[in-house]
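Observations on chain architecture
Below are the chains, spelled out letter by letter.
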Amino acid sequence: MDLKEKIDLAKLPQHIAIIMDGNGRWAKSRGEMRVFGHQNGVESVRQTSTAAAELGVKYLTLYAFSTENWKRPKCEVDALMNLLVQTLNSELGTLMDNNIRLRAIGDLTHLQESCYSQLLETMGKTSNNNRMDLVLALNYSGRWEIAEAARKIALEVAAGKLDPESVNPDTFQLYLETSNIPDPELLIRTSGENRISNFLLWQIAYSELYFSPRLWPDFRKNDLYEAILDYQNRERRFGMISEQII
Ligand code: IPE
Ligand code: IPE
Ligand code: MG
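Cut-off values and rules
Note on numbering: residues in each chain are counted from 1, in written sequence order. Lettering for chains starts from A, numbering for ligands starts from 1, and both go in the order in which the items are written. Two thresholds apply to this predicted model, a pLDDT of at least 70 for residue-level local features and 80 or more for giving and counting side-chain atom pairs, whereas whole-chain, interface and lining totals are computed over all residues. The basis for every side-chain value is the complete set of heavy atoms in the structure, and neither hydrogens nor water enter the calculation. Here, a salt bridge means any Lys or Arg side-chain nitrogen found within 4 Å of an Asp or Glu carboxyl oxygen. Elements are defined by DSSP. Helices are runs of H or I of four residues or more, strands are runs of E of two residues or more, and each kind is numbered from the N terminus. At least two bridges found by DSSP between two strands are what make those strands a pair. In this analysis an axis means a line fitted to C-alpha atoms, helices contributing only their contacting stretch, and an angle means the value between N-to-C directions, from 0 to 180 degrees. A contact between two residues is defined here by any heavy atoms of the two lying within 4.5 Å. For classification, angles of less than 35 degrees are called roughly parallel, those exceeding 145 degrees roughly antiparallel, those between 65 and 115 degrees roughly perpendicular, and all remaining angles oblique. Put simply, a crossing is left-handed when the front helix is turned counterclockwise from the back one by less than a right angle, and right-handed when it is turned clockwise. Only Asp, Glu, Lys and Arg are considered charged, only Ala, Val, Leu, Ile, Met, Phe, Trp, Tyr, Cys and Pro nonpolar, and every remaining residue, Gly among them, polar. Burial classes follow relative accessibility: with a 1.4 Å probe on protein chains only, a residue under 20% of its type's maximum area counts as buried, one over 50% as exposed, and anything between as partly exposed. Throughout, near means a residue has at least one heavy atom within 4 Å of the molecule or strand. Any pair of N or O atoms that falls within 3.5 Å is considered a polar contact. Within protein, one atom must be able to donate a hydrogen and the other to accept it, and sequence-neighbouring residues count only if both atoms are side-chain atoms.

Charged atoms that come close allow side chains of opposite charge to pair. According to the stated counting rule, one finds 19 salt bridges in the structure shown. Close ionic contact of Arg 236 with Glu 208 constitutes a salt bridge, the shortest N to O distance being 3.7 Å. Of this pair, Arg 236 sits in the segment after α9 (221–232) while Glu 208 sits in strand β6 (residues 208–211), and the two are 28 residues apart along the sequence. When salt bridges that share partners are traced, they join Asp 21, Arg 25, Arg 189, Glu 193 and Arg 195 into one network.

If you want it as structure tokens, here you go:
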């Protein structure tokens, strides 16, 4: 029985988030430039997105560029942005064939103009697809998102539109980028690094974390199946005790 068949579709995570990491090391181990790793990571994005959609996952969020990634050498940042534009264009067919809607979270208006306009174009063309939402986190960081939510709330309070007493975790989350996306049940990070790197800090409060040693350009459908099977063997207690979990 292959891995895919072992997955219990009744217990499938609705939302999987992935910190795609290890492109640079993958390239370096082959004596290549870091950008070669990013280019090869595109196939992993394709495989993971189609595998998730085929299974019936409703949301797949991929961490593609963090607020902190601007600190990388300019040539790498430029190469990543160019690759993003090219990929958003070249993968439109894959998104349409698989009925996947593209969305994005992050400080999008501060992306380069060519990226922002290509992003809007691809999001627009896929906006009627409804099998799965592929959410790209671009110029994103969890602290930025939370601070931004606090700023929007403060503005509404100052304008007399919001009662400060009504602010609680449920109302706060309405101001996040992910306000209409459920929290991820499963968060995967590749490349053997055991950290969150400012990703979805609010949303992962009760996510199951899965760290894969695989470098992102090597990540394939079976690696996603393995992560889901691992997740399905865990007991999620949300603060309760085993006996309370049905
Ligand atoms: C992940 O791979 C891609 C991005 C952060 C954009 P890295 O580029 O971080 O690869 P490593 O971690 O240096 O190997
Ligand atoms: C996290 O990876 C950001 C993305 C995957 C886009 P990094 O490679 O930037 O994280 P650190 O710097 O190793 O924590
Ligand atoms: Mg990295």
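As summarised here, the arrangement of the six strands in space is β3-β4-β2-β1-β5-β6, forming an open sheet in which the pairing is parallel. Looking at strand neighbours, the two that pair on one side only are β3 (100–105) and β6, the edges of this open sheet. Along the sheet, successive strands turn relative to each other by an average axial angle of 20°, direction set aside. Two elements, strand β1 (residues 15–19) and strand β2 (residues 59–66), share five bridges in a ladder whose sense is parallel. In the strand pairing of β2, Ile 16 is matched with Leu 60. Of the strands in this sheet, β1, β5 (186–189) and β6 touch α9, which is tilted by about 135° from β5.

Orientation of helix α3 (residues 34–55) relative to helix α4 (residues 74–90), taken along the N-to-C sense of each, is 20°, at an axis distance of 10 Å. When the axis of α3 is compared with that of α4, the two are roughly parallel. Crossing geometry of α3 relative to α4 is assigned as right-handed. Contacts between α3 and α4 involve Arg 34, Val 35, His 38, Gln 39 and Val 42 from the first element and Glu 76, Ala 79, Leu 80, Leu 83 and Thr 87 from the second. Of the residues in the contact of α3 with α4, the class split is five nonpolar, three polar and two charged.

Moving on to the packing of α4 against helix α6 (residues 113–125). Where α4 contacts α6, the two axes come as close as 9 Å, and the packing angle between them is 20°. One finds that α4 runs roughly parallel with respect to α6. Where α4 crosses over α6, the handedness of that crossing is left-handed. Residues Met 81, Leu 84, Val 85, Leu 88 and Asn 89 of α4 pack against Ser 114, Cys 115, Gln 118, Leu 119 and Thr 122 of α6. Its residues assigned to classes, the contact of α4 with α6 comprises six nonpolar, four polar and no charged.

Next up on the list: unusual backbone geometry. A positive phi angle is found at Ser 191, which is not glycine, with a value near 85°. Here Ser 191 falls in the buried class, since its relative accessible area comes to 8%. Backbone geometry places Phe 238, a non-glycine residue, at a positive phi of 50°.

Surveying the vicinity of ligand 1 reveals 13 residues, the closest of which are Asp 21, Gly 24, Arg 25, Arg 34 and Arg 72. The contact in question runs from an oxygen atom of ligand 1 to an N or O atom on the side chain of Asp 21, over 2.8 Å. A distance of 2.7 Å separates an oxygen atom of ligand 1 from a polar side-chain atom of Arg 72. Elements that contribute at least two residues to the shell around ligand 1 include exactly α2 (23–28), α3 and α4. Here the element with the most residues in the shell around ligand 1 is α2; it accounts for three residues. Class assignment of the residues belonging to the shell around ligand 1 gives a composition of three nonpolar, five polar and five charged.

Everything listed here is a matter of coordinates, which is why it stays silent on function.
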